[in-house]
Amino acid sequence: MSSSALSPAARPRGSRRPTWLSDPKVLRTEVLAGLVVALALIPEAISFSIIAGVDPAIGLFASFTMAVTIAVVGGRPAMISAATGAVALVIAPLNREHGFGHLVAAVILAGVIQIALGALGVAKLMRFVPRSVMVGFVNSLAILIFMAQVPEMTDVPWPVYPLLAAGLALMVFFPRISKAVPAPLVSIVILTVVTVAAGIAVPTVGDKGDLPSALPVPGLPDVPFTLDTLATIAPYALAMALVGLMESLMTAKLVDDITDTPSSKTRESVGQGVANIVTGFFGGMGGCAMIGQTMINVKVSGARTRLSTFLAGAFLMVLCVVFGPVVSDIPMAALVAVMVMVSVATFDWHSIAPKTLRRMPAGEITVMVVTVVCVVTTHNLAIGVVVGSVTAMVVFAKRVAHLADVTAVTDPDGTTVVYRVTGELFFASSNELVGRFDYSTEADRVVLDLSAAHVWDASSVAALDAIENKYVQRGKTVEITGLDEPSARIHKTLSGELAGNG
């Protein structure tokens, strides 16, 4: 593990030794955070297994291998990767139509694709995601986390509601007494003891499905190794790879912002691929960064190193295999309370404050709302991010297009007219450029001064050619001046070569 990829919390200045080896306080934080995340992973992994149409143990195995592997090879310390709903939705049809063997093969192939995309630098595309999309992403994931808890709060025995309220109260007020132990862990333990001791009949983790009683065993997928199999699994593997990478990279960026530490997105991309390959060979359903559990780990529990991620996976298997009967008795109300608190803490309340909305440009608000609506409607964070980013580009293009302007100055002798063009010339602004000139001028010479403009694309060169041709057809001499070096280069390369000028 490269020390350069560790966060400051994990790598003290002048030392390659992680702080949790020498600082008992950091070690305690990381261990307890890993335990809380492991407890929260169990019902989620079981639920996602049901969505994918596989045995609950498959989702739990995937969460174990994903977390343990990404803790070593990932680029973002303290981020949790496990079986996720987005991946489950992508691969469910493949499992339903072709069987579990094809699902496992698709997970392995998806990992290979992610490694290839990571090596090609796909992570660099993250810089094109605007802040308004990021805010929409954060708010929509908070909404999705809350919505996922609604089924656990409807049509349930009435004791669930006081337990839920007690869990929320514990997480709000216990940190005022002590921060030595994460409040979510305290809440889970107390509510479990109360329900078991009092014999309160409420839904428990055990009601979600049977927990595995043994560790996963590695093996090859049970499919024929033929081109037909590859053709069958390839579309699902590609979809899984893209969705998994987008969610993972967006989550990594969010953790970067929360912790004020950078991370290697390329290493994270490759790491996700390695983790999925390992998961596939152990018969898991694959996965990616898990946003809700990452927020529990980083924002609620205060974890900052790879240890918490590793222990989340390790504790998950220990809890299932060794303490299965005890874990099965945990009331779902306790875990729902944790996730509700996470959703409230995750939502960017400042972004919807009246004061913020009054100052924010309408385009930025539109992008944020479009992102949220798309994510909540499709339950797919990747779709929301893509649609939001495209919307932001359209808004930006429209805004910049209006900045292009043309002003004319005629020499006193009337023989020359100078048009000063200002702004960014690209497809959106150049389409209106041709109509901004007076082609009936009596001046014999026309000068286009582009010293305050920049030519970005072929559309702009075509527009300049069209303007020049219109004047030439009327017997005028045209001169283009003031092009900066990049603009002059693209103009020289494309001018006169584009069909339909004039």
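Quick caveat, the model's predicted, so the values are computed rather than measured.

(A) Examining the overall build of the protein more closely. A tally of helices and strands in the protein yields 19 helices and 6 strands. Considering only C-alpha atoms, the protein reaches an extent of 100 × 60 × 55 Å along its principal axes. When the 502 residues of the protein are sorted by exposure, 52% land in the buried category. Taking all contacts inside the protein whose residues are at least 6 apart in sequence as the whole, residues at least 24 apart take part in 83%. Split by element, the accessible area of the protein, about 22,200 Å² in all, is 64% carbon and sulfur.

(B) Representation of the pattern of salt bridges. Following the criterion strictly, the structure yields 7 salt bridges and no others. Measuring nitrogen to oxygen at the nearest pair gives 2.6 Å for the salt bridge that ties Asp256 to Arg76. With Asp256 in helix H8 (residues 227-259) and Arg76 in the loop between helix H2 (56-73) and strand E1 (81-82), this pair connects stretches of sequence that are 180 residues apart. Here Arg76 falls in the buried class, since its relative accessible area comes to 4%. Residue Lys265 is joined to Asp256 by a salt bridge in which the shortest nitrogen-to-oxygen separation is 2.4 Å. Accessibility classification places Lys265 together with Asp256 in one group, the buried group. A network of salt bridges, in which partner residues are shared, links Arg76, Asp256 and Lys265.

(C) Structural view of empty space enclosed by the protein. Taken as a whole and assessed by the stated rule, the structure comprises 1 cavity of 30 Å³ or more. The space that makes up the largest cavity amounts to roughly 40 Å³. What lines the largest cavity is simply Ile70, Ala71, Arg76, Pro77, Ala78, Met79, Glu268, Arg306 and Thr309. Of all elements in the fold, only H2 and helix H11 (306-321) reach the threshold of two or more residues within the lining of the largest cavity.

(D) Main features of the pairing of strand E4 (residues 416-425). In terms of strand pairing, strand E3 (residues 405-410) meets E4 through 6 bridges, oriented antiparallel. Each bridged residue has a counterpart across the sheet, and for Val409 the counterpart in E4 is Val418. Here E3 hands over to E4 after 5 residues, with Gly414 in that stretch at a positive phi of 75°. Pairing of E4 with strand E5 (residues 445-455), which is carried by 9 bridges, proceeds in the parallel orientation. Bridging from a neighbouring strand, Glu424 pairs with His454 of E5.

(E) Quick peek at the sheet that holds E5. Taken in spatial order, the 4 strands make up an open sheet running E3-E4-E5-E6, and their pairing is mixed. In this open sheet, the two edge strands, each paired with only one partner strand, are E3 and strand E6 (477-481). On average, each strand axis in the sheet is tilted by 20° relative to the strand beside it, whichever way the strands run. Docked against the sheet, helix H18 (residues 458-473) engages E4, E5 and E6, running at close to 170° with respect to E5.

(F) Seen up close, a nonpolar patch on the surface. A cluster of nonpolar side chains, contributed by Leu215, Val318, Val321, Val322, Phe323 and Val326, occupies part of the molecular surface with about 510 Å² of accessible area. Residue position: Val322 is located in the loop between H11 and helix H12 (324-328).

(G) Up close: the packing of H8 against helix H9 (residues 265-281). Two numbers describe how H8 lies on H9: the axes approach to 10 Å, and their chain directions differ by 135°. With respect to H9, the axis of H8 lies oblique. As for the relative orientation of H8 and H9, their crossing is right-handed in sense. Contact residues: H8 offers Met240, Leu245, Ser248, Leu249, Ala252, Lys253 and Asp256, while H9 offers Lys265, Ser269, Gln272 and Asn276. For the contact of H8 with H9, the per-class residue count stands at 4 nonpolar, 4 polar and 3 charged.

(H) The arrangement of the environment of Ala289 in detail. By secondary structure assignment, the location of Ala289 is in strand E2 (residues 288-289). For Ala289 and Arg436, which are 147 residues apart along the polypeptide, the C-alpha to C-alpha distance reads 51 Å. Beyond its immediate chain neighbours, meaning those up to four positions away, Ala289 contacts Met79, Ile80, Ser81, Thr84, Glu247, Ser248, Thr251 and Gln272.

The rules behind the values
Residues numbered from 1 in each chain as written. Predicted model: local features only at pLDDT ≥ 70, side-chain atom pairs only at ≥ 80, totals over all residues. Heavy atoms only, no water. Helix = DSSP H or I, 4+ residues; strand = E, 2+ residues; numbered from the N terminus. Buried < 20%, exposed > 50% of the residue type's maximum accessible area, 1.4 Å probe, protein only. Contact = heavy atoms within 4.5 Å. Areas by Shrake-Rupley, 256 points an atom, 1.4 Å probe, with all protein chains shown as cover. Salt bridge = Lys/Arg side-chain N within 4 Å of Asp/Glu carboxyl O. 1 Å grid on protein atoms, 1.4 Å probe; cavity = no way out; pocket = protein on both sides within 12 Å on 5 of 7 lines; lining within 4 Å. Points joined across faces, edges and corners; volume = space filled by probe spheres on them. Pairing = 2+ DSSP bridges. Axes fitted to C-alpha atoms, helices over the stretch in contact; angles between N-to-C directions. Patch = residues over 30% accessible without salt bridge, like charges linked within 9 Å, V, L, I, M, F, W, Y side chains within 5 Å. Parallel < 35°, antiparallel > 145°, perpendicular 65-115°, else oblique. Left-handed = near helix turned anticlockwise from the far one by under 90°. Nonpolar A, V, L, I, M, F, W, Y, C, P; charged D, E, K, R; others polar.

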